[in-house]
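As a plain string of letters, each chain reads:
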Amino acid sequence: MHRYRLWWFAAPVAALHVSAAVALGVVALVTGDAVPLTRLVAYGTPLSTGPVPWWPVVPLVLVAVYQGWALWQILRGRVRGPVPADGGAVRVLRVTLYLGAAFSVIELFPVVLPWWAELAGAAAQLALVALFFVVQRGASRAMATVALVAGTLAVTSWIARTAADALGARLLGEISAMAGLGGLSWTLWMALTLLAQARDGRWARATVWTGAASLVVSFLIESLIYHLSLGWHDETTVLFIGLGRAAAPLTAVWQARSAHDLGSPPGTTARTTTRATAGPPLRSRLAAVAAIALPLPPVVVAFWYDMPRWAAGSWSTMFFGDGPDLAELLLSWVVDLLVDMGGLPLLVLVAVLRRTPGLLRATAWVLLAAAVAGVVVALAGGSAPGGFPRRYADYWATEPGDVPAGISPLWFGAAYAASALLLMWLAGGVGRSRLWGVVTAAATAGLLGFLPAADHSGGRVTAAADCAPPGGPRGGGEQPEPAPEAAFVCQVRQSRVFKVAPDTPDRFVVGYGRQLCDVYTREDPAELTRVRRTDGVAVRELAYLLADICPSAAAVVRAANERQEREFQEWKAAERRKCAEAPRHRPLIRPVAVVVRREPAWTDYGDLEAYEPETAEGDPGAKLPYEDDVLSAGPGHLVVHTHPDFTLCVTTETYRRRPPVETRGWDHVVEAGYLSAGELVFQDPLGGVPLPDLAVRGAGHYRVRVHYAMRGSLGREDDVQRLLIMAYPGRGDDVVVHRKRATR
């Protein structure tokens, strides 16, 4: 310990961190409150967790111990002794590595850096890429050039994306993201740099392995957390926090150790001076490059669109049903790592670099197994080209058809098969003529597999926008009734009952609907349960959706509609009886006209409005000068308020002279003036049948008297509202309340 220059500072800091973690771990076990511990492990990030069991706390303390080790590695400094007599570029690289380690540590904390600090960090990263290119001695010029290009692309694309976000330049952001290849360019720079460090004589073996761990562990842990979070919930939140922070300091440790090693005296560290053993020279460099490059395009596309992976949902659906359970989640994680997230391309790269025949052949067989698995998934229907597994589609989509297109497993399989054949040829034992025969046969079979057969060719695809809206015909005019199959397709496109890819031909949609119809007709409980488990569809609840193409479902829907119509007619008859049984008004003087509505009136919001823009003042939606529970009045504007949920029995009477005031039997009687332009008509503002015209003399001044009564108490089935509206010629806009005993 004492041989490091800054041991006196690093050791207490690391010990204090570990001691605090142990103490807070004990507090979490005793009290069940893990918030202080999670704040320490998560570098102060605000967190809110409830009581936790003991078992996530122990791994969390272990993570804190690991963080204490990282602090020691970063802060201890170089080994004591004279600094090697290297050039100025090496000294600048040491300073740059320390700056990079400092930025890596700062990024762990929930702080927002100013823009100039962000630019300084980017400049340090760019300088790091250039300086490694200058000083490294363990790589060929070609490998060093590739590393320089990859690292420069990664850093400049990040700078361009940051500038695009600040300026709102979406196109610039997309172009810069494409240049960075979703982070793959920086990963390539790290891998090549670590390979050069391993072959150089100035870095310790532990430093190289720390850099490799920083590249791999964070990727493994983040993907594991993503998969486990799909099935596990609150009780593992604390554990996820610890896992998420486990790999974060490794980048800073690698940068700090790389700087320490450059400044340590020769012979004080275990150096990695031996070169990695390799097999015989490759038979063809072009074939080797092709074998590495072929598996990459599907992975790049998956990273580019940042979408769920086809293989995880496919295999878990086939073997585990709708889950998810722990076995399914772990399987999906392993498959994602190998297939979707670049595990197999990395294996190919290692095999080509090592060049041992046994490793080349083993890698080829792994690739062929993955290719066969992809074909099995596609043929079994676990993953359809152009769509995601159902579980992910429900998670990502917000609107019908808003499910992004996935990648067919056939594309992955074709790339892996081609790469495997090239690896077998590179391993030897396969002649050129035999190889070309196998390649030709595989290519022919692949093309036949991708081309649609005659009975599986495409067809018409009806988009949801091409269908009439659910509420009525498209365009508002009279439209012919669509054919049953077309109506079914439109219902499927517009609903979220079950997912189909937007480009699925109509005939496949109809075919699937007929299969569901057969299941619906047979009504076998075991079959219904199986379809619900495998397809996520409750067939017995799809009667209205299947009615257009399924006779048994149509019969059920028809019976339900007839029952609803019968109940509705019975309800209307009961409402008519309520109005027929309500007391009739007997006029005290002879009216011009009396109209008793034979049908009860219903309004959307309970309002009946008389409005004439020629005589009204102000906006029709503005507040009127007089408002109460039954009547609102203003120039050229009257609104009668009733209860929208109860039967309304309406009678209108018109007179040539003022009728006597009647309040007996009424809850509310109010009278107001109205200036008519020739038509005094009350109606529902949102539509419906208007009441008769009350302007007995045409245009002129009128007085309108409104009588309102409620029979029964609100909430009873026999409740009924009575409304009597009288109108007669008369001047004056004042409002007179003759009776106000109760409200609606």
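Residues numbered from 1 in each chain as written. Predicted model: local features only at pLDDT ≥ 70, side-chain atom pairs only at ≥ 80, totals over all residues. Heavy atoms only, no water.

1. A short note on the confidence of the model for the protein
Per-residue pLDDT for the protein averages 75, and the proportion of residues at 70 or more is 69%. The secondary-structure element of the protein with the lowest mean pLDDT is helix H18 (residues 390-396), recorded at 37, while strand S7 (residues 668-676) shows the highest, at 92. Throughout residues 381-406 the model reports pLDDT below 50, and contacts reaching past four residues in sequence, or to other chains, amount to 58 contacts. Low pLDDT, under 50, characterises residues 473-477; the predicted model gives this stretch eight contacts beyond four residues in sequence or across chains. (pLDDT = per-residue confidence, 0-100. Helix = DSSP H or I, 4+ residues; strand = E, 2+ residues; numbered from the N terminus. Contact = heavy atoms within 4.5 Å.)

2. With respect to the state of the cysteines
Scanning all chains against the criterion turns up two disulfides. Here Cys517 engages in a disulfide with Cys550; their sulfurs sit 2.2 Å apart. Between Cys517 and Cys550 the sulfur-sulfur dihedral comes to about 75°; the bridge is accordingly right-handed. Separated by 33 residues along the polypeptide, Cys517 in helix H22 (residues 506-522) and Cys550 in the loop between helix H24 (543-546) and helix H25 (551-581) bring together distant segments of the chain. Among the residues examined, Cys550 registers a relative accessible area of 1% and is labelled buried. Here Cys579 pairs with Cys649 through a disulfide, and the sulfurs are 2.0 Å apart. (Disulfide = S-S within 2.5 Å. Buried < 20%, exposed > 50% of the residue type's maximum accessible area, 1.4 Å probe, protein only.)

3. With respect to the packing of helix H3 (residues 57-75) against helix H11 (residues 250-263)
Between two packed helices, the angle of one axis relative to the other and the distance separating the axes together describe the packing. At a minimum axis distance of 8 Å, the contact between H3 and H11 shows a crossing angle of 25°. For the element pair H3 / H11, the angle class is roughly parallel. Seen along the crossing, H3 lies across H11 with a hand that is left-handed. Every residue of H11 that contacts H3 at Tyr66, Trp69, Ala70, Gln73 and Ile74 is listed here: Leu250, Ala252, Val253, Ala256, Arg257 and His260. Residues that form the contact of H3 with H11 fall into these classes: eight nonpolar, two polar and one charged. (Axes fitted to C-alpha atoms, helices over the stretch in contact; angles between N-to-C directions. Parallel < 35°, antiparallel > 145°, perpendicular 65-115°, else oblique. Left-handed = near helix turned anticlockwise from the far one by under 90°. Nonpolar A, V, L, I, M, F, W, Y, C, P; charged D, E, K, R; others polar.)

4. Examining a nonpolar patch on the surface
Nonpolar side chains collect at one region of the surface, where Val22, Val26, Leu29 and Val30 lie side by side and expose about 360 Å² of accessible area between them. Here Val30 lies in helix H1 (residues 7-31). Judged by its relative accessible area of 68%, Val30 is exposed. (Patch = residues over 30% accessible without salt bridge, like charges linked within 9 Å, V, L, I, M, F, W, Y side chains within 5 Å. Areas by Shrake-Rupley, 256 points an atom, 1.4 Å probe, with all protein chains shown as cover. Salt bridge = Lys/Arg side-chain N within 4 Å of Asp/Glu carboxyl O.)

5. Section: the sheet that holds strand S1 (residues 593-596)
An order of S1-S6-S9-S8-S7-S10 is seen for the six strands of this open sheet, with the pairing classed as mixed. Every interior strand has two partners, whereas the edge strands, S1 and strand S10 (736-740), have only one. Between one strand axis and the next, the sheet turns through 20° on average, direction left out of account. Where strand S8 (residues 700-711) meets strand S9 (residues 720-729), ten bridges bridge the pair, whose relative direction is antiparallel. (Pairing = 2+ DSSP bridges.)

6. Remarks on the sheet that holds strand S2 (residues 607-611)
Spatial ordering of the open sheet is given by S2-S5-S4-S3, a layout of four strands whose pairing is antiparallel. Taken across any chain shown, the strands that pair with only one partner, and hence form the sheet edges, are S2 and strand S3 (626-627). Sheet topology places S3 next to strand S4 (residues 631-634); two bridges connect them, and they run antiparallel. Note on S4: the bridge partner recorded for Tyr626 is Ala633.

7. What to know about the side chain of Ser632
As for its placement among the helices and strands, Ser632 is situated in strand S4. A relative accessible area of 3% means that Ser632 is categorised as buried. Among the polar contacts made by the side chain of Ser632, one reaches the side chain of His641 at a distance of 2.7 Å. Ignoring anything within four residues of it in the chain, the contact list for Ser632 reads Leu624, Tyr626, Glu627, His637, Leu638, Val639 and His641. (Polar contact = N/O pair within 3.5 Å; in protein donor to acceptor, adjacent residues only side chain to side chain.)

8. Thoughts on the packing of H22 against helix H23 (residues 525-535)
Where H22 contacts H23, the axes come no closer than 9 Å and their chain directions differ by 145°. Facing Tyr512, Leu516, Val519 and Arg522 of H22, the residues of H23 in contact are Glu527, Leu528, Val531 and Asp535. Of the residues assigned to the contact of H22 with H23, the class counts are five nonpolar, no polar and three charged.

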